[in-house]
Amino acid sequence: MSTIEARKITKRFGDFVAVRDADLSVKAGEVVCLLGPSGCGKTTTLRMIAGLERVTSGDIIIGGKRMNELSPEKRDIAMVFQFYALYPALNVADNIAMPLHYEKISKTERDRRVHRVAEILHLSDVLDRMPGQVSEGEKQRIAVARAIVREPNCFLFDEPLSRLDVELRHSMRGQIKEVLSNLSKATVIVTHDQLEALTMADRIAIMRDGIIEQIGTPHQVFTKPANVFVASFIGTPQMNLVKGKLEGMNGSKAMIQFGGEKVELEVNPAVSKLKPSQVTLASGPAPSRRSSVVPRIRSPLRPS
Amino acid sequence: MGAETLVHARTPDNSDIRVVVPRDVKFKIGEKLHLRADPSQTHIFGEDGKAVRA
């Protein structure tokens, strides 16, 4: 059973809390991206799952078994790092085969597995080359091949595409997603690139200051941000955030004051339960395709 | 250059906002704009920063 669960995991470094009470559950065949700004705790979360950091509290469950006390090599996981960590003195085939050297399998079986993953990742033509003789994209695929050749329980990726140029990153997103979807393993990917998360993930966990702010499908996170931070973080261009004062309701419309000007805005019924208070309004920058239903909201603006 | 233009604007209380408009819509720097928010694409957050949902 290929599943990953983090139950209320916390990591402290002295007084600093890097990750606080994080809950995460990844099903077999599911790809979950940890997304957030630098220093938000996403890599620390991944390293705790991998066993490279001990959890201060909470539990790591992989394949239904508690892993807290187990070292990384006993967790049956494969991790792909930002820096591919290829062995420069070994050719591509030997790099891919390296994890198998610690398993008791025959050379025939080892060669069979290497050639199979090389075929999946379009590396068959470069198996005899040295790492210095292949492109960045091929190095990245070698790192992925080395991770999947052992057929582990689950996969962890730490910023796997951050070293690639934009064009290569775009094509690699699709290739990795395709490979992962055929393997039916639980996968966690750390990224600060929201486009990467939106295109590769089945669900996204958005983190800030060591806390998971929201977990949901890319569509859920984009269309129903849980809080101002998520609304400000997701979307390119960024959503517009404007502070105003809720002054009252007029039927289903809220009367909100923005910078000395009152506007009426059609809102969901839950807003009527709010007392007059400061609110933040977030709205995407894209033009409405249903202008006929747009209410009478007019706000004078100056281009800056 | 592209199919759309990204307009950077400022509200009277100095909040920066961005609006995507078709490429043929032209503005001058300093021009006053009138914008409408589409309620289906608008979210409201309370004082605590959390989304207010039905």
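The preceding data block contains the structure.
These notes cover the structure that comes with them. (Residues numbered from 1 in each chain as written. Chains lettered and ligands numbered in written order. Predicted model: local features only at pLDDT ≥ 70, side-chain atom pairs only at ≥ 80, totals over all residues.)

**Looking at the packing of helix α4 (residues 136-148) of chain A against helix α5 (residues 166-183) of chain A**
Residues and elements named next belong to chain A.
- Closest axis-to-axis distance for the α4/α5 pair is 11 Å, and the angle between their directions is 15 degrees. Judged by the angle between their axes, α4 and α5 are roughly parallel. By crossing handedness, the relation of α4 to α5 is classed as right-handed. Facing E136, G137, Q140, V144 and I148 of α4, the residues of α5 in contact are L168, M172, I176, V179 and L183.
- A per-class count over the contact of α4 with α5 returns 7 nonpolar, 2 polar and 1 charged. (Axes fitted to C-alpha atoms, helices over the stretch in contact; angles between N-to-C directions. Helix = DSSP H or I, 4+ residues; strand = E, 2+ residues; numbered from the N terminus. Parallel < 35°, antiparallel > 145°, perpendicular 65-115°, else oblique. Left-handed = near helix turned anticlockwise from the far one by under 90°. Contact = placed C-beta atoms within 7 Å. Nonpolar A, V, L, I, M, F, W, Y, C, P; charged D, E, K, R; others polar.)

**Focus: the sheet that holds strand β2 (residues 16-26) of chain A**
Residue and element names in this part refer to chain A.
- With respect to topology, 4 strands assemble into an open sheet ordered β2-β1-β4-β5, the strand pairing being antiparallel. The outermost strands of the open sheet, each flanked by one partner alone, are β2 and β5 (65-66).
- With 5 bridges joining them, strand β1 (residues 4-13) and strand β4 (residues 57-62) adopt antiparallel strand pairing. Residue pairing across strands places E5 opposite I61, the latter belonging to β4.
- Helix-sheet contacts for helix α1 (residues 42-50) involve β1, β2 and β4, and the interaxial angle to β1 is about 115 degrees. (Pairing = 2+ DSSP bridges.)

**A word on the environment of G46 of chain B**
Residues and elements named next belong to chain B.
- The topology assignment puts G46 in the segment after β4 (42-45).
- On the basis of neighbour count, G46 is assigned to the buried category, with 20 C-beta atoms found within 10 Å.
- Taking the C-alpha atoms as reference points, G46 and R36, separated by 10 residues in sequence, lie 21 Å from one another. (Buried ≥ 20, exposed ≤ 12 C-beta atoms within 10 Å, placed from the backbone.)

**Looking at the sheet that holds strand β9 (residues 203-208) of chain A**
Residue and element names in this part refer to chain A.
- Strand order in the open sheet formed by 6 strands is β6-β7-β8-β3-β9-β10, and the pairing between neighbours is mixed. Among the strands making up the open sheet, the edge pair consists of β6 (77-80) and β10 (211-216). Adjacent strand axes in the sheet meet at a mean angle of 15 degrees, parallel and antiparallel pairs treated alike.
- Sheet topology note: the β9/β10 ladder contains 5 bridges and is antiparallel. Across the sheet, residue M207 finds its bridge partner in β10, namely I212.
- Contacting β6 and β7 (154-158), α4 crosses the sheet at an angle of about 170 degrees to β6.

**Observations concerning α1 of chain A**
Residue and element names in this part refer to chain A.
- Of all 9 residues that make up α1, 9 are buried, and the element is covered over most of its length.
- Taken as a whole, α1 has its buried residues at K42, T43, T44, T45, L46, R47, M48, I49 and A50.
- Looking one or two residues beyond α1, the residue adopting positive phi is G51, at roughly 95 degrees.

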